[in-house]
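Okay, here's what each chain looks like letter by letter:
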Amino acid sequence: MDKIIDLLISAELITKDKINEFLKDKKEKKVTLKTLITNRVIDPQKAYTIIADEIRNGNLTISMIEQNISPEHADKILEHLAKLMHMEYVDLDEVDFDLHLLSKLPLSKLEKIGALPIKESDLNILVAFKDPFDINAQESIQRMLPKKPITAGIARPSQIEYHLNRLEMSESIKGLINEIREEISKNVSTSEASESSAILKLIEVILKSAILSRGSDIHIEPTENSCIIRTRIDGMLTESFRFNKDIYPPLSSRIKLLSNLDIAERRKPQDGRFSATVLQKTYDFRVSTLPIINGESIVLRILDKSKAMIKLEDAGMSQKNFNIFSEALKVPYGIVLVTGPTGSGKTTTLYGALNNLKSIDRKVITVEDPVEYQMNLIQQVQVNQKVGLTFANTLRSILRQDPDIIMIGEIRDHETLRIAIQAALTGHLVLSTLHTNDAISAITRMADMGIEPYLISGSLIAIEAQRLVRKICPHCKQAVEIPEHAIEELHQYLPENYQFYKGKGCKECHSTGYIGREMISEVLRVDDTLSSLIAKEASKAEILEVAYKNGYVSMIQDGINKVLNGTTTIDEVLRVARLT
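Computed from a predicted structure; not experimentally measured.

Here the focus is the UniProt feature "domain: Bacterial type II secretion system protein E" (unreviewed entry) in the protein chain. UniProt feature "domain: Bacterial type II secretion system protein E" (unreviewed entry): in the numbering of this structure it lies at residues 399–413. Between the end C-alpha atoms of residues 399–413 the distance is 18 Å, and the span holds 7% helix and 27% strand.

Shown next, in the form of structure tokens:
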């Protein structure tokens, strides 16, 4: 990195005195290209051009740039380099590869050379190289593709490596793909082809791969040239497989058959589910199809039944928040709300709460859309809009079933909320979820939905808001220093002495630096003081002031506490939680 700063000094873009002045003013320990650009100390366009010119002259390498500069700045430098070299810059994450072209070349040779063919036009073939200046590598690829001239493209080496690894994974099931093609050629209809054993094996491989990598969702997406399988791991999508487009029709048809969906219906969305035993364990898969330009996007939500049995104390809630939330669940009647965006673990928290509450001497009934996990000692009702079984209608019927505890999967409308409040005021403990950004906003949301303040104050016991943050990989965890300017807004949350950590990236975490996720949360316990404030329609600021006096810990503070104890990174907390 020092070499790049020295380069900018020698090019007279910045002086040593200005750097020293910047370090002193910003209280930084080290200067980087990113900090200089972010703080507008240097002209970014001039810096990119100077560095790109040095790469062209052989004084710097693309790999050196990528290792020492953040991805967004590395991309800008490579764009400038492409212009200087009259080459094409390629962002490989935005490209739809021509798999037919790739199948003409041995993958082992591409990995050795560090090349990735991208697309074929009438005039030439575009190939991205880790080192676009390596003439021998270009000649080697040209010999393998003699019919048309190749054009060298510039891309980040790590992107080339990533996509070659993905292709290697797809290559490992090449025999299975060939079997599917043979079976397709012998069958007349897609539905018959979809019954083939090879397709079942492919589905099993896809499911097994997603489960082994701790995935929560599998996305099957047809593009113009291929079929992409992506898996959501720890909240982030990553590409698992990439097949030729001809594999998509039998694959989608078979999944539809498994889920009891209409395989001939491709014009409107469909929802279904199926169960499968993977790695000697039974999983449920919730399937959703959506018509798109190139076919149908299919998403499989992986439902692990063992997750429903998670104990509330193991969900990752801090000890203080866990104690407050647990005490709220002991109240005989009222409403306990769990809030947060989609995918923040609200349902898991509710199931954890139900696990603590269920017993032989209590009647527990839930109304869900859909029922994700089946539990013993609990009566679970699934909403069915087609027959008029809505949340509101079901709730009315549930109240005639003499329940002690009611769990509502989600409060979506005024009618459901009003019935829930009536149930809470007439001696039932009601648990439910609401889509709000923080705990206190739930009070405003309830009022906006047309509920009188005195009813809100009389029924609310507690509101818990949560998010999920990725946990640092313990195998490559290391202490890091964060630039002072990057944490200026966080000083009120930090102690005098602190240490941040980060995962360097290793084989165990697939070079992401993270393994698994954990909750950050805030719990607002509605006591008599807060109840009277809500009844008087007090502002959010007034409620917050009283809550802080009572020991309320905000979500951002809870997240920072987990950063300080080395559980997660500051980037993760700021990605999911908002500074207030």
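On we go.
Between D369 and P370 the backbone carries a cis peptide bond, its omega angle lying at -5°. A positive phi angle, near 65°, is found at R214, a position not held by glycine. With respect to the helices, strands and loops of the structure, R214 is situated in the loop between α13 (197–212) and β5 (215–222). Judged by relative accessible area, which is 34%, R214 ranks as partly exposed. The residue L279 is not glycine, and still its phi comes out positive at about 55°.

In this structure, L337, I408, L460 and L524 are the most contacted members of the largest nonpolar core, which totals 58 residues. Element by element, the count of residues in this core is highest for helix α18 (residues 414–425), at six residues. Apart from the residues lying within four places of it in its own chain, the contact partners of L337 are I411, S432, L434, A442, M446, L460, A462, I463 and E464.

Further remarks concern the environment of I482. Along the chain, I482 falls in the loop between β17 (477–480) and β18 (500–503). A relative accessible area of 28% places I482 in the partly exposed class. Distance from I482 to F500, taken between C-alpha atoms, is 7.4 Å for residues 18 residues apart in sequence. Each residue touching I482, except ones within four places of it in the same chain, is listed here: I487, F500 and I570.

This next bit is on the pattern of salt bridges. With the rule as written, the count across this model stands at 26 salt bridges. Here K281 ties to D304 by a salt bridge, and the two come within 3.3 Å at their closest N and O atoms. Taken as a pair, K281 in strand β9 (residues 281–292) and D304 in strand β10 (residues 295–304) lie far apart in primary sequence, 23 residues in all. Here R412 ties to E410 by a salt bridge, and the two come within 3.5 Å at their closest N and O atoms. A relative accessible area of 42% places R412 in the partly exposed class. Each of D96, E239 and R242 takes part in one network of salt bridges that share partners.

Mapped onto the elements of the fold, T568 is located in the loop between α23 (555–564) and α24 (570–576). With a relative accessible area of 0%, T568 lands in the buried category. Among the polar contacts made by the side chain of T568, one reaches the main-chain carbonyl oxygen of R470 at a distance of 2.7 Å. Ignoring any residue separated from it by four or fewer positions in sequence, one finds T568 in contact with V469, R470, I472, Y501, G559, K562, V563 and V573.

Here we take up the sheet that holds strand β15 (residues 429–434). Remark on secondary structure: sheet strands pair via backbone hydrogen bonds, oriented parallel or antiparallel. Spatial strand order, β13-β12-β14-β15-β11-β16-β19: seven strands in an open sheet with mixed pairing. Each having just a single partner strand, β13 (378–382) and β19 (514–525) make up the two edges of the open sheet. Strand-to-strand twist in this sheet, taken as the mean axis angle between neighbours without regard to direction, amounts to 20°. Relative to β15, strand β11 (residues 334–339) runs parallel, the two sharing six bridges. Note that in β15 the partner of T339 across the bridge is L434. Across the sheet, helix α16 (residues 346–357) touches β11, β12 (364–368), β13, β14 (405–408), β15, β16 (460–472) and β19, and the angle it forms with β15 is around 170°.

The N-to-C vectors of helix α17 (residues 391–399) and α18 enclose an angle of 20°; their axes lie 8 Å apart at closest approach. Considering the angle they form, α17 stands roughly parallel to α18. In the crossing of α17 with α18, the sense of the turn from one axis to the other is left-handed. Across the interface between the two elements, F391, A392, L395, R396 and L399 from α17 touch E415, T416, I419, A420 and A423 from α18.

Moving on, we come to the sheet that holds strand β4 (residues 150–154). Ordered in space as β1-β4-β3-β2, the four strands form an open sheet in which the pairing is mixed. Every interior strand has two partners, whereas the edge strands, β1 (88–89) and β2 (115–120), have only one. Relative to β4, strand β3 (residues 125–129) runs parallel, the two being bridged by five bridges. Looking at the pairing, I125 lines up with I150 of β4.

On to the pairing of β10, then. Most of β10 is tucked away: seven of the 10 residues are buried. Relative to β10, β5 runs antiparallel, the two sharing four bridges. Note on β10: the bridge partner recorded for H219 is V299. Summarising the sheet, β9 and β10 pair through 10 bridges and their orientation is antiparallel. Each residue of the ladder has a partner; that of R286, found in β10, is R301. Following β9, the chain reverses through two residues before pairing antiparallel with β10.

Assigned domains of the protein chain: these are domain 1 (3–85), domain 2 (88–163), domain 3 (196–303) and domain 4 (310–468 + 520–552). The straight-line distance from the C-alpha centre of domain 1 to that of domain 3 is 44 Å.

Criteria and thresholds
Counting restarts for each chain: residues are numbered from 1 in the order of the written sequence. The model is predicted, so local features are restricted to residues of pLDDT at least 70 and side-chain atom pairs to those at 80 or more, both for listing and for counting; the totals for chains, interfaces and linings are taken over all residues. Hydrogen atoms and water are omitted, and side-chain values are computed over all heavy atoms in the structure. UniProt positions are given in the numbering used here, feature names are shortened, and annotations may be inferred rather than shown by experiment. Secondary structure elements follow DSSP: runs of H or I of four or more residues count as helices, runs of E of two or more count as strands, with numbering from the N terminus. Accessible area is worked out with a 1.4 Å probe on protein chains only. A residue is then buried under 20% of its type maximum, exposed over 50%, and partly exposed in between. Among buried residues, the Ala, Val, Leu, Ile, Met, Phe, Trp, Tyr and Cys ones that are joined through side-chain atoms within 4.5 Å form a nonpolar core. Pairs of residues are marked as contacts when any of their non-hydrogen atoms sit within 4.5 Å. Here a salt bridge means any side-chain nitrogen of Lys or Arg lying within 4 Å of a carboxyl oxygen belonging to Asp or Glu. Think of a polar contact as two N or O atoms within 3.5 Å of one another; within protein, one of them needs to be a possible hydrogen donor and the other a possible acceptor, and neighboring residues in sequence only count if both atoms come from side chains. In this scheme, strands are said to pair when DSSP sees at least two bridges between them. A fitted line through C-alpha atoms serves as each axis, taken over the contacting stretch for helices, and the angle formed by two N-to-C directions is quoted from 0 to 180°. Comment on the angle field: the value is read as roughly parallel under 35 degrees, roughly antiparallel over 145, roughly perpendicular from 65 to 115, and oblique elsewhere. Helix crossings are classified by the rotation of the near helix relative to the far one: an anticlockwise turn of less than a right angle makes the crossing left-handed, while a clockwise turn makes it right-handed. Per the annotation, domain bounds derive from an automatic or database assignment of domains.

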